[in-house]
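Overview (structure and organization)
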Number of protein chains: 2
Amino acid sequence: MSAVLETAVLWGVGVGPGDPELLTLKAARVLRESPVVAFFAKRGCVGNARTIADPHLHGDQEELRFDYPFTVEVPATDAGYRSEMSGFYDICAGRIAEHLVSGRSVAVLCEGDPFFYGSFMYLHDRLAGRFSTRAIAGITGMSGCWAAADLPMTHGDDILSVLPGTLEAAVLARKLAEADAAVIMKVGRNLPKIRRALDRVGLLDRSVYVERGTMAAERIEPLAARDPDKPAPYFSMVLVPGRRGAR
Amino acid sequence: MSAVLETAVLWGVGVGPGDPELLTLKAARVLRESPVVAFFAKRGCVGNARTIADPHLHGDQEELRFDYPFTVEVPATDAGYRSEMSGFYDICAGRIAEHLVSGRSVAVLCEGDPFFYGSFMYLHDRLAGRFSTRAIAGITGMSGCWAAADLPMTHGDDILSVLPGTLEAAVLARKLAEADAAVIMKVGRNLPKIRRALDRVGLLDRSVYVERGTMAAERIEPLAARDPDKPAPYFSMVLVPGRRGAR
């Protein structure tokens with residue numbers, strides 16, 4: 001038995017946007033070496049992060065599955081939602097802490113990048129004060145999507161704004177007008193509003209719609225060409241490339 | 001000899017922010033398979049992208065080195081600069097095109113991500129109309145930096161703004177006040193101005209300064225703790241984490 005006690009680490013492992021080949025070499029290595037792997041999923045589903053990471057996991061790891069208490073989007077301002085989600089994250093953090101206290105590192109699978117939206121940060125909030133935490137950067141959904149769309153986004157001194165599709169129409173329009181390049185996330189049922197806002201500020205014609213970027217069901221098309229009445233899945237985004245820099 | 005003529009591809013390969021382990025599996029594979037590898041560098045230097053990619057290259061590849069005509073920053077609005085850079089990119093694109101026309105794919109090494117700032121896009125602009133182009137997403141400098149800083153950035157409905165440090169002080173302050181989270185790039189000699197703008201809008205205390213993130217000379221510290229008179233290298237940025245989302 002080793003005389004050196006190694007500190008257990010909570011890893012936030014970015015697994016990228018969907019294509020398993022878009023994990024970093026470092027993420028693949030840490031997953032191989034992790035005794036415990038944790039991930040979030042909706043009840044009854046395998047979970048995106050678990051699906052993406054599957055080729056990188058072997059059968060010897062202990063898996064911790066955290067089932068979200070909600071399966072549909074609830075406004076983040078709903079007090080009951082916030083309270084229940086907070087309790088949920090407390091429980092998840094507690095399950096992870098048991099392993100860390102026993103000296104076993106835990107790797108949490110993070111869709112995209114660990115600190116760019118997503119659920120890992122709520123675990124980090126609760127555990128970083130007591131334990132060693134490390135993040136492995138991941139390919140964000142937006143990078144995966146603009147690469148898949150072969151779409152140059154930001155040149156020179158362009159300003160990029162990342163906007164949630166949940167913003168009010170007037171705010172969305174203003175933010176779009178003020179940025180050089182933009183990414184609109186959480187499109188889903190917000191698409192008609194997003195489309196109108198883009199049209200209002202003259203950006204509809206350069207906007208690109210990407211659905212399930214880098215995955216088998218990927219679909220990419222000019223937003224203006226897309227049937228406005230067709231619903232969009234949650235995992236969709238709109239890319240607005242910036243002005244061209246000096247050539 | 002194969003009867004199938006494969007189309008040569010211009011690859012924009014994201015090599016990430018500095019740590020060679022932060023290349024994606026896909027980038028590593030494409031680099032191994034590429035007969036020709038191209039990269040930009042300043043005269044007399046190895047070049048960041050070439051340094052990062054070095055462990056992933058073997059001796060059999062033909063290397064195309066593109067030496068920037070300028071070694072210091074010139075304002076992008078300078079007409080002579082724009083004209084000379086444009087001519088430079090024309091020449092680089094021409095050298096790449098010779099290989100593509102002969103059926104040899106070319107992989108261009110892109111620091112960070114190929115479509116998020118950087119020089120590759122000027123080649124893409126010139127060649128995408130005639131040749132097959134593909135981009136491999138890379139870990140952006142900002143993702144590398146916030147992971148290295150163990151710094152959660154965006155929760156829930158946060159808006160993220162990516163701002164060049166070259167913005168006028170008043171514009172910078174306004175953009176910072178309007179965003180939930182921000183990344184300020186191209187810090188370098190702009191740091192005193194950036195620091196004043198952050199202070200003006202009450203964000204100095206949460207700002208984090210990162211220099212050469214993910215590289216051996218990495219330095220991370222609260223911006224407020226840093227000596228305001230100490231110059232900052234070009235490869236530095238300031239991270240302003242967002243408000244906390246629902247917990």
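What you see is a predicted model; the values in this text were computed from it and never measured.

Attention shifts here to the overall build of chain A. In terms of helices and strands, chain A carries seven helices and ten strands. Projected onto the principal axes, the alpha-carbon positions of chain A cover approximately 65 × 45 × 30 Å. A total of 247 residues make up chain A; the buried ones form 56% of that total. Looking at chain A alone, contacts between residues at least 24 apart form 71% of all its contacts between residues at least 6 apart. Of the roughly 10600 Å² of accessible surface on chain A, a fraction of 50% belongs to carbon and sulfur atoms. Of the side chains in chain A, 29 bear a positive and 30 a negative charge, and the two mean positions are spaced by 3 Å.

On to the packing of aromatic side chains, then. Summed over the entire model, instances satisfying the criterion amount to 24 aromatic pairs over all chains. Ring centres of F40 of chain A and F66 of chain A lie 5.4 Å apart, and the angle between their planes is 55°; on these two criteria the pair is classed as tilted. Note that F40 of chain A is positioned in strand β2 (residues 36-41) and F66 of chain A in strand β3 (residues 62-67), a separation of 26 residues in sequence. Given a relative accessible area of 9%, F40 of chain A falls into the buried group. Measuring from ring centre to ring centre gives 5.3 Å for F88 of chain B and Y89 of chain B, while their planes differ by 50°; the resulting arrangement is tilted. When sorted by exposure, F88 of chain B lands in the same class as Y89 of chain B, which is buried. The rings of F40, F66, Y68, F88, Y89 and Y122 of chain A are connected pair by pair, giving a single aromatic cluster. Its guanidinium or amino end placed over the ring of Y209 of chain A, R226 of chain A lies 4.2 Å from that ring's centre, counting from NZ or CZ.

Superposing chain B onto chain A requires a rotation of 180° together with a translation of 0.0 Å along the rotation axis, leaving an RMSD of 0.0 Å. Given the turn and translation reported, the copies of this chain are related as if by a two-fold rotation axis. Among all residues of chain B, the minimum C-alpha distance to the rotation axis is found for T24 of chain B, at 2.0 Å.

Here we come to the interface of chain B and chain A. In this assembly, 62 residues from chain B lie in contact with 62 residues from chain A. Contact between chain B and chain A buries roughly 5200 Å² in total, counting both sides, with carbon and sulfur atoms accounting for 55%. Residue K186 of chain B pairs with D157 of chain A through a salt bridge whose shortest N-O separation is 3.1 Å. When contributions to the side of chain B that touches chain A are tallied by element, the ones reaching two or more residues are α1 (25-33), α3 (79-101), α4 (120-127), β5 (132-136), α5 (141-148), β6 (160-164) and α6 (169-178) of chain B.

Turning our attention to the domain arrangement of chain A. Accessible area lost upon the coming together of the parts serves often as the stated size of an interface. Residue and element names in this part refer to chain A. The assigned domain composition of chain A is domain 1 (5-139) and domain 2 (142-240). Placing the centre of domain 1 and that of domain 2 at their C-alpha centroids yields a distance of 27 Å. At the interface, ten residues of domain 1 touch eleven residues of domain 2. Between domain 1 and domain 2, the buried area comes to about 820 Å², and carbon and sulfur atoms account for 65% of it. Applying the counting rule to domain 1 against domain 2 returns zero salt bridges. On the surface where domain 1 and domain 2 come into contact, there are two residue pairs in polar contact (both at pLDDT 80 or more). Residue classes in the side of domain 1 that touches domain 2 are distributed as five nonpolar, two polar and three charged.

Residues and elements named next belong to chain A. Taken in spatial order, the five strands make up an open sheet running β3-β2-β4-β1-β5, and their pairing is parallel. A single partner strand is all that each edge strand has here, and the edge strands are β3 and β5 (132-136). The sheet shows a mean angle of 25° between the axes of neighbouring strands, taken without regard to direction. Pairing analysis gives three bridges linking β2 to strand β4 (residues 106-111), with the strands arranged parallel. Note that in β4 the partner of A38 across the bridge is V108. Contacting β1 (9-16), β2, β3 and β4, helix α3 (residues 79-101) runs over the sheet at an angle of about 170° to β3.

Right, let's talk about the side chain of S119 of chain A for a bit. Residues and elements named next belong to chain A. You can see S119 is positioned in the loop between β4 and α4 (120-127). Exposure remark for S119: the relative accessible area of 12% places this residue in the buried category. Not counting residues up to four positions away in its chain, the partners in contact with S119 are F40, Y68 and Y89.

Definitions and cut-offs
- Residues numbered from 1 in each chain as written.
- Chains lettered and ligands numbered in written order.
- Predicted model: local features only at pLDDT ≥ 70, side-chain atom pairs only at ≥ 80, totals over all residues.
- Heavy atoms only, no water.
- Helix = DSSP H or I, 4+ residues; strand = E, 2+ residues; numbered from the N terminus.
- Buried < 20%, exposed > 50% of the residue type's maximum accessible area, 1.4 Å probe, protein only.
- Contact = heavy atoms within 4.5 Å.
- Areas by Shrake-Rupley, 256 points an atom, 1.4 Å probe, with all protein chains shown as cover.
- Lys, Arg positive; Asp, Glu negative; His and termini not counted.
- Charge placed at Lys NZ, Arg CZ, Asp CG, Glu CD.
- Phe/Tyr/Trp six-rings, centres within 6.5 Å; stacked < 30°, edge-to-face > 60°.
- Lys NZ or Arg CZ within 6 Å of the ring centre and 35° of its normal.
- Least-squares fit on C-alpha atoms with pLDDT ≥ 70 in both.
- Buried area = accessible area lost by both parts, 1.4 Å probe.
- Salt bridge = Lys/Arg side-chain N within 4 Å of Asp/Glu carboxyl O.
- Domains from an automatic or database assignment.
- Polar contact = N/O pair within 3.5 Å; in protein donor to acceptor, adjacent residues only side chain to side chain.
- Nonpolar A, V, L, I, M, F, W, Y, C, P; charged D, E, K, R; others polar.
- Pairing = 2+ DSSP bridges.
- Axes fitted to C-alpha atoms, helices over the stretch in contact; angles between N-to-C directions.

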